[in-house]
Amino acid sequence: MAETVILCSADEVVEGEIKQAPLPDGTNVALYRVAGTIYATADMCTHGEASLSEEGLINGKIVECTFHFGTFDVTTGEPTGMPCEIPLKTYPVTVADGKVQIEV
Ligand code: FES
């Protein structure tokens, strides 16, 4: 069943940076702002044990995992560069009262 989780203030998610936020299940999500819109993906790279918010670089809508330089489109979760082949989980984001919310 979908649950709404409030993660942080929308103004904490800044273009060009990656914001980590915890989920109730103990995993983290990574938040990005691309052309003004906020997107959320799983924080863990699907190729290895790398935190995208700690080890990743965001450039436009593409996040690069600096462990092995794989890339993903954060707006869809799709892998865009080897060695990443498994999509990142994405979450629908809404902003209400200045807070970032996702459905998990
Ligand atoms: Fe991310 Fe290998 S762990 S590209």
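Since we're looking at a predicted model, the values are computed, not measured.

A. Structural view of the pattern of salt bridges. Scanning the entire structure with this criterion turns up 2 salt bridges. Between Asp73 and Lys61 there is a salt bridge whose closest N-O contact spans 3.3 Å. Here Asp73, found in strand β7 (residues 70-73), pairs with Lys61, found in the loop between β5 (56-59) and β6 (62-65); they are 12 residues apart in sequence, far enough to count as distant.

B. Molecular detail of the pairing of β7. Burial along β7 is two-sided: Gly70 and Phe72 facing one way and Thr71 and Asp73 facing the other are all buried. Summarising the sheet, β6 and β7 pair through 4 bridges and their orientation is antiparallel. Following the sheet pairing, Val63 is matched in β7 by Phe72. Following β6, the chain reverses through 4 residues before pairing antiparallel with β7; Phe69 in that reversal takes a positive phi of roughly 70 degrees. Summarising the sheet, β7 and strand β8 (residues 79-81) pair through 2 bridges and their orientation is antiparallel. Bridging from a neighbouring strand, Thr71 pairs with Gly81 of β8.

C. Seen up close, the state of the cysteines. Per the stated rule, a full pass over the model turns up 0 disulfides. Here Cys84 is not disulfide-linked; the sulfur of Cys45 is the nearest cysteine sulfur, at 4.0 Å. Given a relative accessible area of 5%, Cys84 falls into the buried group.

D. Geometry of unusual backbone geometry. Residue Met82 is joined to Pro83 through a cis peptide bond whose omega torsion reads 10 degrees. Positionally, Pro83 belongs in the loop between β8 and β9 (90-91). Here the phi dihedral of Phe69 falls at roughly 70 degrees; this positive angle occurs in a residue that is not glycine. Relative to the elements of secondary structure, Phe69 occurs in the loop between β6 and β7.

Basis of the calculations
Residues numbered from 1 in each chain as written. Predicted model: local features only at pLDDT ≥ 70, side-chain atom pairs only at ≥ 80, totals over all residues. Heavy atoms only, no water. Salt bridge = Lys/Arg side-chain N within 4 Å of Asp/Glu carboxyl O. Helix = DSSP H or I, 4+ residues; strand = E, 2+ residues; numbered from the N terminus. Buried < 20%, exposed > 50% of the residue type's maximum accessible area, 1.4 Å probe, protein only. Pairing = 2+ DSSP bridges. Disulfide = S-S within 2.5 Å.

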